[in-house]
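# Summary of structural features
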Amino acid sequence: MNSCYPFTNTPLPYGYDALEPFIDQKTMHLHHDRHLQAYVDSLNALLEKAPRLQGCSLPVLLRSLCRLPQSLQTPVRHSAGGVYCCSSSAA
């Protein structure tokens, strides 16, 4: 994951089948390629409309939620939190 906007969904540092038999390859593809990508796309779409937030890292965005405009707090919490949680578990 890059440090700030636009965020990208980087390739896994291991094969999709690396966690078998505990997590199958299909589940890893779904989680990484669709689920995490949806959070990344959503966060980028939000930040595209908020240029002053584009230089913020994921942890800074999450720590600063209470300082964001009210209309952005929940969507940024959901999207940035999803990116943070999904990318942290994938690495």
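Keep in mind the model is a prediction, meaning the values are calculated, not measured.

The secondary structure content of the protein chain amounts to three helices and zero strands. Order of helices (α) and strands (β) in the protein chain, N terminus to C terminus: α-α-α. Reported as C-alpha extents along the three principal axes, the dimensions of the protein chain are approximately 45 × 20 × 20 Å. Across the 91 residues of the protein chain, 34% fall into the buried class. In the protein chain, the share of contacts with a sequence separation of at least 24, taken over all contacts with a separation of at least 6, comes to 57%. If you sum the accessible surface of the protein chain, you get close to 5,600 Å²; carbon and sulfur atoms cover 58% of it. The centroid of the 7 positive side-chain charges in the protein chain is displaced by 18 Å from the centroid of its 6 negative side-chain charges.

A few words on helix α1 (residues 25–48). With 24 residues, α1 ought to run about 34 Å at 1.5 Å a step, and its terminal C-alpha atoms sit 33 Å apart, in line with that. Its maximal kink placed at Q37, α1 deviates by approximately 30 degrees. Among all positions of α1, only M28, H32, L36, Y39, V40, L43, N44, L46 and L47 are buried. With a side-chain oxygen positioned 3.1 Å from the backbone nitrogen of K26, the residue opening α1 is D24.

A word on the environment of V83. Looking at the secondary structure, you find V83 in helix α3 (residues 70–90). Taking C-alpha positions, V83 is 9.2 Å from H35, a pair spaced 48 residues apart along the chain.

Moving on: the confidence of the model for the protein chain. Taken as a whole, the protein chain shows an average pLDDT of 93; of its residues, 96% reach a score of 70 or greater. Least confident of the elements in the protein chain is α3, whose mean pLDDT is 88; most confident is α1, at 97.

With that settled, consider unusual backbone geometry. The amide bond that connects Y5 to the next residue, P6, takes the cis arrangement and shows omega of -10 degrees. Mapped onto the elements of the fold, P6 is located in the segment before α1. With an omega of 15 degrees, the peptide bond running from E20 to P21 counts as cis.

Scoring rules and cut-offs
Residues numbered from 1 in each chain as written. Predicted model: local features only at pLDDT ≥ 70, side-chain atom pairs only at ≥ 80, totals over all residues. Heavy atoms only, no water. Helix = DSSP H or I, 4+ residues; strand = E, 2+ residues; numbered from the N terminus. Buried < 20%, exposed > 50% of the residue type's maximum accessible area, 1.4 Å probe, protein only. Contact = heavy atoms within 4.5 Å. Areas by Shrake-Rupley, 256 points an atom, 1.4 Å probe, with all protein chains shown as cover. Lys, Arg positive; Asp, Glu negative; His and termini not counted. Charge placed at Lys NZ, Arg CZ, Asp CG, Glu CD. Expected span 1.5 Å × (residues − 1). Bend = angle between axes of the 7 residues up to and from the residue. Polar contact = N/O pair within 3.5 Å; in protein donor to acceptor, adjacent residues only side chain to side chain. pLDDT = per-residue confidence, 0-100.

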